[in-house]
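Read off the chains here:
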Amino acid sequence: MNTREEAVALDSADPLRTLRDQFALPAQTIYLDGNSLGVAPRAAAQRAQTVIAAEWGESLIRSWNSAGWFALPRRLGNKLAPLIGAGENEVVITDTISVNLFKLLSAAVNLQNERDPKRRVIVSERSNFPSDLYIAQGLMAQLDRGYELRLVDDPSELPTAIDEDVAVAMITQVNYRTGYMHDMAALTKHIHDKGALALWDLAHSAGAVPVDLNGSGADFAVGCTYKYLNGGPGSPAFAWVPKRHQNEIVQPLSGWWGHRAPFEMDPTYAPDTGIGRFLCGTQGIVSMSLVECGLDVFLQTDMQAIRRKSQALCDLFIELVESRCDAFPLTLVTPRDQAQRGSHVSFEHPEGYAVMQALIARGVIGDYREPHVLRFGFTPLYTRFVDVWDAVETLRDVLATESWRAPEFMTRGAVT
Ligand SMILES: *Cc1c(COP(=O)(O)O)cnc(C)c1O
């Protein structure tokens, strides 16, 4: 592509172009960070108003029943399910990824301990999002049964690392830094061939790429709603457990919302039958209510159409950065092969942090991840091809003028 007009023409022919109107995008901003915090759906402001003024303000405690608050984790779980290849009553929206990982990893390890107590290894990747590894470390210390966390340095080492000693493989499908994407069906099959259980983290997959949990035969999954699902800052995460495992495992955070009859106030815990046992305590209802506004946009399209546009946006970005910014030390760290990447693209630059701050000051919002990585998320519901063109032109200008050298771009905030 050589001209901005060509990008505009792609937008005119884009079948998803009208969905952008459903998002409250700020003016003068090209937002390429929907992989970290999705843009607010326009419906969210009205929904928040209704929840706060009417459901909470007027109806108060009655809203647990009358506004369906108590049912929200299950009802919204069912709305999310088709996006990840999950069945009815297999998903709950609740808590955070970290907390849900603790519940499911613990349940998975205990299930394996009953089946085959010799297995004492949890496999993951050193490049996994650190919180996932921290949770595994915390659980292992708690169990004190001699578990080992076996971390590989490259995805190609996983098949060998997953052997007959492994209890659970805890794999994040799309890597948060590089955008590398695993073949879920093939890796799950290998994990099962070795007798291990497959726990998938869909943080950068849900709403970004088509996922088929049941079709892949996966065992457990977690993911969040504030990235590609546009649920809002800190909106609750989700947990998926297929029917075949639901009543076979018990999660350790045995709070009252997971009890089979919470309002009987029984002094003894008895887990709910089904997906409800993966809940723990009272949920943040205001935030959870807004998750529905993000999910409703997905009902107007399908993940195949989203994937097609995502691949075209990512391809265009790579092509333009490599052709128009070739005078600068930018190195692609995301796989070129479409089948091996999610919906974000990362480039390394020796001064990555300052370059990203200079870009943000010019209204092109991506983010930065250690070490040296400039990360750009492409969210087909609201990102246009012309945004890709304009973002690359801004990047070229920032690099050519070295505006990133300004002192204000060197200081780091608490959140990068
Ligand atoms: C974003 C992300 C998280 C975040 O976890 P929270 O507990 O919801 O803060 C965890 N794991 C991965 C792989 C992520 O990308």
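Whatever comes next refers back to the structure up there.
Please read all numbers here as calculations on a predicted model, not as lab measurements.

### Some remarks on a nonpolar patch on the surface
And then number 1: Nonpolar side chains collect at one region of the surface, where Ile52, Trp56, Leu60, Ile61 and Val286 lie side by side and expose about 510 Å² of accessible area between them.
And then number 2: Among the secondary structure elements, Ile52 is positioned in helix 2 (residues 43-58).

### Notes on the nonpolar core
And then number 1: Among the nonpolar cores identified, the biggest contains 55 residues, and Ile84, Trp200, Leu202, Leu213, Leu229, Phe238 and Leu381 are the most heavily contacted of them.
And then number 2: For this core, the element with the most residues is helix 11 (residues 285-298), which contributes 6 residues.
And then number 3: Counting 39 residues, the second largest nonpolar core, distinct from the first, contains Leu32, Tyr353, Val386 and Val392.

### What to know about the site of the ligand
And then number 1: The environment of the ligand is formed by Thr96, Ile97, Ser98, Phe129, Asp132, Thr172, Asp201, Ala203, His204, Tyr226 and Lys227.
And then number 2: Take Asp201: an N or O atom from its side chain is 3.2 Å from a nitrogen atom of the ligand.
And then number 3: Between Tyr226 and the ligand, the recorded distance is 3.3 Å, taken from a side-chain N or O atom to an oxygen atom.
And then number 4: For the ligand, whose accessible area on its own is 390 Å², the fraction buried by protein is 87%.
And then number 5: A class-by-class count of the residues in the shell around the ligand yields 4 nonpolar, 4 polar and 3 charged.

### Quick notes on helix 14 (residues 385-401)
Given 3.6 residues to a turn, an α-helix orients residues that are three or four positions apart in the same direction.
And then number 1: For helix 14, built from 17 residues, the straight-helix expectation of 24 Å at 1.5 Å per residue is met to within 8% by its first-to-last C-alpha distance of 25 Å.
And then number 2: Counting buried residues along helix 14, 12 of its 17 residues qualify, which places the element largely inside the surrounding structure.
And then number 3: Among the residues of helix 14, those classed as buried are Phe385, Val386, Asp387, Val388, Trp389, Asp390, Ala391, Val392, Thr394, Leu395, Val398 and Leu399.
And then number 4: Buried positions along helix 14 lie against helix 1 (4-12), strand 1 (30-31), helix 12 (303-324), helix 13 (352-361) and strand 11 (364-365).
And then number 5: Just beyond helix 14, the residue with positive phi is Glu402, at close to 55°.

### Examining the packing of helix 12 against helix 14
Any two packed helices are characterised by how steeply their axes cross, that is the angle between the axes, and by the distance between the axes.
And then number 1: Put simply, helix 12 and helix 14 touch, their axes get as near as 10 Å, and they point 25° apart. Relative to helix 14, the element helix 12 is oriented roughly parallel. Seen from above, helix 12 lies across helix 14 with right-handed handedness. Listed contacts from helix 14 to Lys309, Ala312, Leu313, Leu316, Phe317, Leu320, Val321 and Arg324 of helix 12 are Phe385, Val388, Trp389, Val392, Glu393, Leu395 and Arg396.
And then number 2: Class assignment for the residues of the contact of helix 12 with helix 14 results in 11 nonpolar, no polar and 4 charged.

### A word on the sheet that holds strand 8 (residues 238-240)
And then number 1: What the 7 strands build is an open sheet, ordered 2-8-7-6-5-3-4; its pairing is mixed. Every interior strand has two partners, whereas the edge strands, strand 2 (91-93) and strand 4 (148-152), have only one. Adjacent strand axes in the sheet meet at a mean angle of 15°, parallel and antiparallel pairs treated alike.
And then number 2: Both strand 7 (residues 220-223) and strand 8 contribute to a ladder of 3 bridges, which runs antiparallel. By the bridge assignment, Ala221 is partnered in strand 8 with Trp240.

### Looking at the pattern of salt bridges
One side chain can pair with another of opposite charge once the charged atoms of both are near each other.
And then number 1: By the definition in use, this model includes 28 salt bridges.
And then number 2: Between Arg341 and Asp315 there is a salt bridge, and its shortest N-O distance comes to 2.5 Å. Residue Arg341 is found in the loop between strand 9 (331-332) and strand 10 (344-348), and its partner Asp315 is found in helix 12; the two are separated by 26 residues along the sequence.
And then number 3: Residue class for Arg341 comes out buried when judged on its relative accessible area of 1%.
And then number 4: Between Glu370 and Arg412 there is a salt bridge, with the nearest N and O atoms lying 2.5 Å from each other. Taken together, the residues span a long stretch of sequence, with Glu370 in the loop between strand 12 (367-369) and strand 13 (373-377) and Arg412 in the segment after helix 14 at a distance of 42 residues.
And then number 5: With a relative accessible area of 45%, Arg412 lands in the partly exposed category.
And then number 6: Each of the salt bridges in this network shares a partner with another, and the network as a whole consists of Arg75, Lys79, Glu292 and Asp296.

### Comments concerning the packing of aromatic side chains
And then number 1: Summed over all chains, the structure comprises 11 aromatic pairs.
And then number 2: Aromatic pair Phe317 and Phe376: ring centres 4.7 Å apart, planes at 50°, arrangement tilted. Here Phe317, found in helix 12, pairs with Phe376, found in strand 13; they are 59 residues apart in sequence, far enough to count as distant.
And then number 3: Assessed through its relative accessible area of 1%, Phe317 is described here as buried.
And then number 4: For Phe376, a relative accessible area of 2% corresponds to the buried category.
And then number 5: Between Phe317 and Phe378 the ring centres are 5.0 Å apart and the planes differ by 50°, which places this aromatic pair in the tilted class.

### Digging into the layout of surface pockets
And then number 1: Estimated volume of the largest pocket: approximately 480 Å³.
And then number 2: Looking at the lining of the largest pocket, the elements that each hand over two or more residues are helix 13 and strand 12.
And then number 3: Among the elements that line the lining of the largest pocket, the one with the most residues is helix 13, at 4 residues.
And then number 4: Taken together, the residues of the lining of the largest pocket break down into 9 nonpolar, 5 polar and 6 charged.

Conventions used here
Residues numbered from 1 in each chain as written. Predicted model: local features only at pLDDT ≥ 70, side-chain atom pairs only at ≥ 80, totals over all residues. Heavy atoms only, no water. Patch = residues over 30% accessible without salt bridge, like charges linked within 9 Å, V, L, I, M, F, W, Y side chains within 5 Å. Areas by Shrake-Rupley, 256 points an atom, 1.4 Å probe, with all protein chains shown as cover. Salt bridge = Lys/Arg side-chain N within 4 Å of Asp/Glu carboxyl O. Helix = DSSP H or I, 4+ residues; strand = E, 2+ residues; numbered from the N terminus. Core = buried A, V, L, I, M, F, W, Y, C linked by side-chain atoms within 4.5 Å. Buried < 20%, exposed > 50% of the residue type's maximum accessible area, 1.4 Å probe, protein only. Near = heavy atom within 4 Å. Polar contact = N/O pair within 3.5 Å; in protein donor to acceptor, adjacent residues only side chain to side chain. Nonpolar A, V, L, I, M, F, W, Y, C, P; charged D, E, K, R; others polar. Expected span 1.5 Å × (residues − 1). Contact = heavy atoms within 4.5 Å. Axes fitted to C-alpha atoms, helices over the stretch in contact; angles between N-to-C directions. Parallel < 35°, antiparallel > 145°, perpendicular 65-115°, else oblique. Left-handed = near helix turned anticlockwise from the far one by under 90°. Pairing = 2+ DSSP bridges. Phe/Tyr/Trp six-rings, centres within 6.5 Å; stacked < 30°, edge-to-face > 60°. 1 Å grid on protein atoms, 1.4 Å probe; cavity = no way out; pocket = protein on both sides within 12 Å on 5 of 7 lines; lining within 4 Å. Points joined across faces, edges and corners; volume = space filled by probe spheres on them.

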